[in-house]
Amino acid sequence: MAKDLRSFIKQIATVMPDQIRMITDVVDAKFGITCIAEKLGQEGKFPALFFKRVKGSSLPLVINLTASYERLALALDTSVNEMVRSYGQRQGNPVPPQIVTEGPVKEVVLKDEEAKLSLLPIPYHNELDAGPYITGGILICKDPETGSHNAGIYRHQVHNDHQLGVYFQGTHDGGYIYRRNSEMKSPTEVAIAIGHYPTFMLGAVSRLLGMGGEFGEAGALLGEPVELIKAETVDLLVPARAEIVIEGTISPDESRFEGPFGEWPGYYVAEGEKPVIQVKAITMRKDAIYYDVFAANQEHLVLGSLPRMGSIYRRVKEVVPGVVNVNVPAHARTHCYISIKKLRDAEVKRAAFAALQTEPDNLRVIVVVDDDINVFNEPEVTWAIGTRFRPEKDLLVIPDWSGPGGLIPSGWESHPDGKRTPVMVSVMVIDATQPAPPLHYPPRARPPKKQVSEVQIDGLLHPFDPSLVES
Ligand SMILES: Cc1cc2nc3c(=O)[nH]c(=O)nc-3n(C[C@H](O)[C@H](O)[C@H](O)COP(=O)(O)O)c2cc1C
Ligand SMILES: [Mn+2]
């Protein structure tokens, strides 16, 4: 069966039924949806939430679908432990997309005045957000130089029924394409695809070298070619199995104030004048499901982190073949833990630099550890820093590595009048590995490994009997 948003929802409901919950009460898209998700998050729960009825729209909505590594690992058909390696390996083997002439995303075609954004249940997410935002849309546009399609997730404020904002950050390709077109006084044609199999979203957020290639990447992660179909009003190919596609153009000389909006570092950042998308058409399935990402929350982080980890793993592997695993923790996407089977001391810096090159704007702290450390178990990473890191030798600070600016507040200097100016930011590398070869260190103290592996926990543990301690 071809993979899409609904096939994934069905898969979760079948394989991990506890991980999806349905709400049948009518809920307001203005904070109602995110407040329910937030309340659950405060209890440490991040199930996918399917809202059957959203006030003012006939479409249901799913949020938090991609808020857990366990579910993303399922989408990749692997385990959390293996997902980074699996991602990195598949990234090297793109599967070209397939062009089709029919697809469910064309069941409803609305053009011009009929194409109203208010038909969609677009939520307000965080308290000070300037408006409803499309947070899970994949923006597709074409490189004017090569004609190749590029895709990435970008935030879109809803300005009114027919206009959206777009925030192109730093060096991202979407922004490059827009700026190139604008220099030539040409409009940029765009399509925003909403709702697909999660690996499609992951593919769009991959750190690929050069422009475009995301559809091939998504195919590699999906395990089948992405089906593409011609858009109605713009010269672009769009995913035929998406739930919804919004088509439009960005004029080279129109801008509008966008933001504030709560971003992944957990702050309202990057408000200002931004380009405007004029909506030309909306095409969708007749029973379309609206896919939303809970911005500035776990879902935003998890969805952003896995493509980074996978991309970093692949790039580190090119220079340090003994790389074992990479973790960019969702709660601190500024950090990156890399475990390596080290042959030579020089490999630590090589691994760290490859990670920093892959993810130049957002990483602040790189920790390199040996292969006995599970980078997904942070107490082990901390233990390695505590017992193997010698600050006077093993700390490297790289001043002015990235910026100026960015989404992390330390990339900005605040002034008494409330204004902020962008500054360069520094990064640090912590070498928490043992010196190579790792023979100088005494063995780690542990009970006999073989005997531990033979212990059967099932049937061994019983409820404690309080009568044993009654005086
Ligand atoms: C949920 C989510 C929202 C994102 N929002 C933005 C955004 O508003 N602006 C931006 O520049 N990048 C954003 N990103 C990151 C880009 O999608 C990512 O860097 C992508 O690789 C860019 O693709 P491109 O360089 O091919 O255009 C977001 C990522 C995620 C996961
Ligand atoms: Mn790209």
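Residues numbered from 1 in each chain as written. Chains lettered and ligands numbered in written order. Predicted model: local features only at pLDDT ≥ 70, side-chain atom pairs only at ≥ 80, totals over all residues. Heavy atoms only, no water.

A. The packing of helix α6 (residues 198–205) against helix α7 (residues 214–222), seen in detail. With their axes 8 Å apart at the nearest point, α6 and α7 run at an angle of 140° to one another. Here α6 is positioned oblique relative to α7, judged by the angle of their axes. Our pair here, α6 against α7, has a crossing hand that is right-handed. Across the interface between the two elements, Thr199, Phe200, Leu202, Gly203 and Ala204 of α6 pack against Glu214, Phe215, Glu217, Ala218, Leu221 and Leu222 of α7. (Axes fitted to C-alpha atoms, helices over the stretch in contact; angles between N-to-C directions. Helix = DSSP H or I, 4+ residues; strand = E, 2+ residues; numbered from the N terminus. Parallel < 35°, antiparallel > 145°, perpendicular 65-115°, else oblique. Left-handed = near helix turned anticlockwise from the far one by under 90°. Contact = heavy atoms within 4.5 Å.)

B. Structural view of the sheet that holds strand β12 (residues 227–230). Taken in spatial order, the 3 strands make up an open sheet running β4-β12-β13, and their pairing is mixed. The outermost strands of the open sheet, each flanked by one partner alone, are β4 (98–99) and β13 (237–239). Direction of pairing for β4 relative to β12: parallel, over a ladder of 2 bridges. If you follow Ile99 over to β12, its bridge partner there is Leu228. (Pairing = 2+ DSSP bridges.)

C. Spotlight on a nonpolar patch on the surface. On the surface, a nonpolar cluster with roughly 400 Å² of combined accessible area is contributed by Val455, Ile457, Leu460 and Leu461. Here Leu460 shows up in the segment after α12 (449–454). (Patch = residues over 30% accessible without salt bridge, like charges linked within 9 Å, V, L, I, M, F, W, Y side chains within 5 Å. Areas by Shrake-Rupley, 256 points an atom, 1.4 Å probe, with all protein chains shown as cover. Salt bridge = Lys/Arg side-chain N within 4 Å of Asp/Glu carboxyl O.)

D. Examining the pattern of salt bridges more closely. This model, assessed by the stated rule, comprises 29 salt bridges. Here Glu232 and Lys106 are joined by a salt bridge, their closest N and O atoms 2.9 Å apart. One end of the pair, Glu232, is in the loop between β12 and β13; the other, Lys106, is in the loop between β4 and β5 (108–111), with 126 residues separating them in the sequence. Assessed through its relative accessible area of 35%, Glu232 is described here as partly exposed. Asp370 is the salt-bridge partner of Arg388, the closest N and O atoms lying 3.2 Å from each other. Pair noted here: Arg388 is in helix α10 (residues 378–388) and Asp370 is in strand β19 (residues 365–370), with a separation of 18 residues, a long-range link. The pair formed by Arg388 and Asp370 is uniform in burial state, with each residue classed as buried. (Buried < 20%, exposed > 50% of the residue type's maximum accessible area, 1.4 Å probe, protein only.)

E. Region of interest: the domain arrangement of the chain. The domain architecture assigned to the chain consists of domain 1 (5–298) and domain 2 (320–442). Taking only C-alpha atoms into account, the centre of domain 1 sits 30 Å from that of domain 2. The partner domain 2 presents 16 residues to the 16 residues of domain 1 that form the contact. Roughly 1,500 Å² is buried in total at the junction of domain 1 and domain 2, and carbon and sulfur atoms are behind 55% of that figure. Scanning the region where domain 1 abuts domain 2 turns up 2 salt bridges. Viewed at the interface, domain 2 and domain 1 are joined by 4 residue pairs in polar contact (both at pLDDT 80 or more). At 3 residues, helix α4 (residues 83–91) tops the list of elements feeding residues into the side of domain 1 that touches domain 2. (Domains from an automatic or database assignment. Buried area = accessible area lost by both parts, 1.4 Å probe. Polar contact = N/O pair within 3.5 Å; in protein donor to acceptor, adjacent residues only side chain to side chain.)

F. Broad picture of the environment of Glu254. Within the secondary structure layout, Glu254 lies in strand β14 (residues 244–258). Sequence separation of Glu254 and Gly223 is 31 residues, and the distance between their C-alpha atoms is 40 Å. A polar atom in the side chain of Glu254 sits 3.3 Å from the side chain of Gln163.

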